[in-house]
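# Fold and contact review
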Amino acid sequence: MTDKVKIVDKIRKLLSLAKSNSSIEEAASATAKAQALMEEYRIHQAMLNNVTSDIKKIDLIDKGHPQQWKAFLASMLSSANGCCIVQSESFEKDNKVLIIGELKDVETIQALYSYISTELQKLCVLKLLSVHRTRGAFPGNVYTKSFFVGALHIVKERLEEAKALVRSKVKNKSNEDKLKVALARIDSKTDVARIWANKNLDIKIENIILQNEDRKGYSAGVEAGRKLDISSTKKLT
């Protein structure tokens, strides 16, 4: 089994274990550990000068209904993992999103996406039921959409924290100049994927923007996200 296969397999197993006994804290911890694990692997490979640019385009697997917050999640994970995404022009009908990047990165994004999207939908359902018990009625679609906007805002912060923590730890153990070169290689991967997509798919990649249209829904999403304690990320063995 190659190192590339091993790293993705570890991430899948980690997220699979978290699914079996899920809570807000466990969802956050699993996501952060998975992101940290992948970041450690990338830095190690980059410092060994083992960075490749074998770009692939692979369909994101999502068997649910097309929703813009899911595309935003895919875009957010892609940016954090050296890839980019392309939505089909008929996304609202066909729910088709392409991930552009190296295979191991795409597989990591798919694993994280499947896990996080499932957990966020569970959290949203719990919140809607709570509101119904309190008010006697379910909030509308605008509230629900804004819940995901708020939750994803916090998830993005947590993913960035996980990556920053790994880089901080590596910095204390590595040659500074060599590490700078390695991180520059890693941080350029999303741009490389975008350039490849623009050249080979003859399209213009646009950023996905989510609008917050309900203050209470957004606040509920932020509250759910802030309960995700991922400060204690550890290296997995």
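Residues numbered from 1 in each chain as written. Predicted model: local features only at pLDDT ≥ 70, side-chain atom pairs only at ≥ 80, totals over all residues. Heavy atoms only, no water.

Take the sheet that holds strand β1 (residues 55–59) next. Picture the strands of a sheet paired through backbone hydrogen bonds; they go either parallel or antiparallel. Read from one edge of the open sheet, three strands run β1-β3-β2, paired in antiparallel fashion. With one partner strand each, in any of the chains shown, β1 and β2 (84–87) form the two edges of the open sheet. When the angles between neighbouring strand axes are averaged without regard to direction, this sheet yields 25°. In this sheet, strand β3 (residues 97–102) lies alongside β2 in antiparallel orientation, the contact comprising four bridges. Looking at the pairing, Gln87 lines up with Val97 of β3. Together, β2 and β3 form the strand contacts of helix α3 (residues 68–80), whose direction differs from that of β2 by roughly 155°. The sheet strands contacting helix α5 (residues 103–135) are β1 and β3, and the helix crosses β3 at an angle near 135°. (Pairing = 2+ DSSP bridges. Helix = DSSP H or I, 4+ residues; strand = E, 2+ residues; numbered from the N terminus. Axes fitted to C-alpha atoms, helices over the stretch in contact; angles between N-to-C directions. Contact = heavy atoms within 4.5 Å.)

Let's shift gears to a nonpolar patch on the surface. Taken together, the side chains of Val125, Leu126, Leu129 and Phe138 present a nonpolar region at the surface, about 380 Å² in accessible area. Position of Phe138 among the secondary structure elements: in the loop between α5 and α6 (141–171). (Patch = residues over 30% accessible without salt bridge, like charges linked within 9 Å, V, L, I, M, F, W, Y side chains within 5 Å. Areas by Shrake-Rupley, 256 points an atom, 1.4 Å probe, with all protein chains shown as cover. Salt bridge = Lys/Arg side-chain N within 4 Å of Asp/Glu carboxyl O.)

Tallied over the entire structure, the rule returns ten salt bridges. In this structure, Lys70 engages Asp62 in a salt bridge whose closest nitrogen and oxygen atoms are separated by 3.4 Å. The residue Asp187 makes a salt bridge to Arg167 at a minimum N-O spacing of 2.8 Å. Placement of the pair is Asp187 in helix α7 (residues 176–187) and Arg167 in helix α6, with a sequence separation of 20 residues. Ionic contacts of the salt-bridge type, sharing partners, join the residues Glu102, Lys104, Asp105 and Lys189 into one network.

Attention now goes to the pairing of β3. Taken across its six residues, β3 has six buried, putting it largely inside the fold. Sheet topology note: the β1/β3 ladder contains five bridges and is antiparallel. Along β3, the bridge assignment pairs Ile58 with Ile99. (Buried < 20%, exposed > 50% of the residue type's maximum accessible area, 1.4 Å probe, protein only.)

None of the figures reported here should be taken as evidence of function without further support.
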